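Per-entry structural report
If you want the building blocks of each chain, they are given just below.
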Amino acid sequence: MNYKEIAKETIGYLYKAHTSIRKSGIDERLIALVELRVSQINGCAYCCSYHAKELSNFGIEQDIINRLPGWKYTNVFNDRQKLALGWAEAVLDNKDYAVIKEKLKDRFTEPEMVELTASITLMNALNKLRITLAEED
């Protein structure tokens, strides 16, 4: 199903929101990293491929991209990246908000926290649309 064409205006707003997040001033590489992790958790093959290529285009080494599923158990991600990835998992799992949110406050500004959370929830929605309505990749 060509859901993007069927609901062109609605889906267009989702992509405009994505563009807005990317222009917000928060590090695009961090956002792409989080978007890839969200896509991995949701199992969106198209989005995983897209964001892995995007990270590669940003100059992120393939070895680092490959380690993303095990981000908790490697030292290739910095503290800020690990906090963002932990936040993504908390938002998707609907748990551990309070603990991680307090840690986020030490490393992220309030606008960054809002944009990061918007990115996570938006990517979750885009993944679900792609998985449930798009033709198989």
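A brief look at the structure comes next.

**A look at helix α2 (residues 8-22)**
- Its 15 residues give α2 an end-to-end C-alpha distance of 21 Å, which sits within 8% of 21 Å, the value for a rise of 1.5 Å per residue.
- Within α2, burial applies to Ile11, His18, Ile21 and Arg22. Angular distribution of buried residues about the axis of α2 spans 105°; they occupy a single face of the element. Looking at α2, the residues exposed on the side facing more than 90 degrees away from the buried face are Glu9, Thr10 and Lys16.
- Here the buried face of α2 lies against α1 (3-6), α3 (28-42), α4 (45-57) and α8 (110-133).

**As for the packing of α3 against α4**
- Running from N to C, α3 and α4 cross one another at 155°; their axes reach a closest spacing of 9 Å. By the angle between their directions, the pair α3 and α4 is classed as roughly antiparallel. Every pair of crossing elements has a handedness; the one defined by α3 and α4 is left-handed. Taken together, the residues of α4 that come into contact with α3 (itself represented by Arg29, Ala32, Leu33, Glu35, Leu36, Ser39 and Gln40) are Cys47, Cys48, His51, Ala52, Glu54 and Leu55.
- For the contact of α3 with α4, a count of residues per class yields seven nonpolar, three polar and three charged.

**A look at the pattern of salt bridges**
- Under the criterion given, the structure shown has 11 salt bridges.
- The residue Asp79 makes a salt bridge to Arg107 at a minimum N-O spacing of 3.9 Å. With Asp79 in helix α6 (residues 79-93) and Arg107 in helix α7 (residues 97-107), the pair connects residues that are 28 residues apart, well separated along the chain.
- Look at Arg107 and you get partly exposed, because its relative accessible area is 40%.
- A network of salt bridges, in which partner residues are shared, links Arg22, Glu28, Glu35 and Glu54.

Criteria and cut-off values
- Residues numbered from 1 in each chain as written.
- Predicted model: local features only at pLDDT ≥ 70, side-chain atom pairs only at ≥ 80, totals over all residues.
- Heavy atoms only, no water.
- Helix = DSSP H or I, 4+ residues; strand = E, 2+ residues; numbered from the N terminus.
- Expected span 1.5 Å × (residues − 1).
- Buried < 20%, exposed > 50% of the residue type's maximum accessible area, 1.4 Å probe, protein only.
- Arc of directions from axis to C-beta.
- Contact = heavy atoms within 4.5 Å.
- Axes fitted to C-alpha atoms, helices over the stretch in contact; angles between N-to-C directions.
- Parallel < 35°, antiparallel > 145°, perpendicular 65-115°, else oblique.
- Left-handed = near helix turned anticlockwise from the far one by under 90°.
- Nonpolar A, V, L, I, M, F, W, Y, C, P; charged D, E, K, R; others polar.
- Salt bridge = Lys/Arg side-chain N within 4 Å of Asp/Glu carboxyl O.

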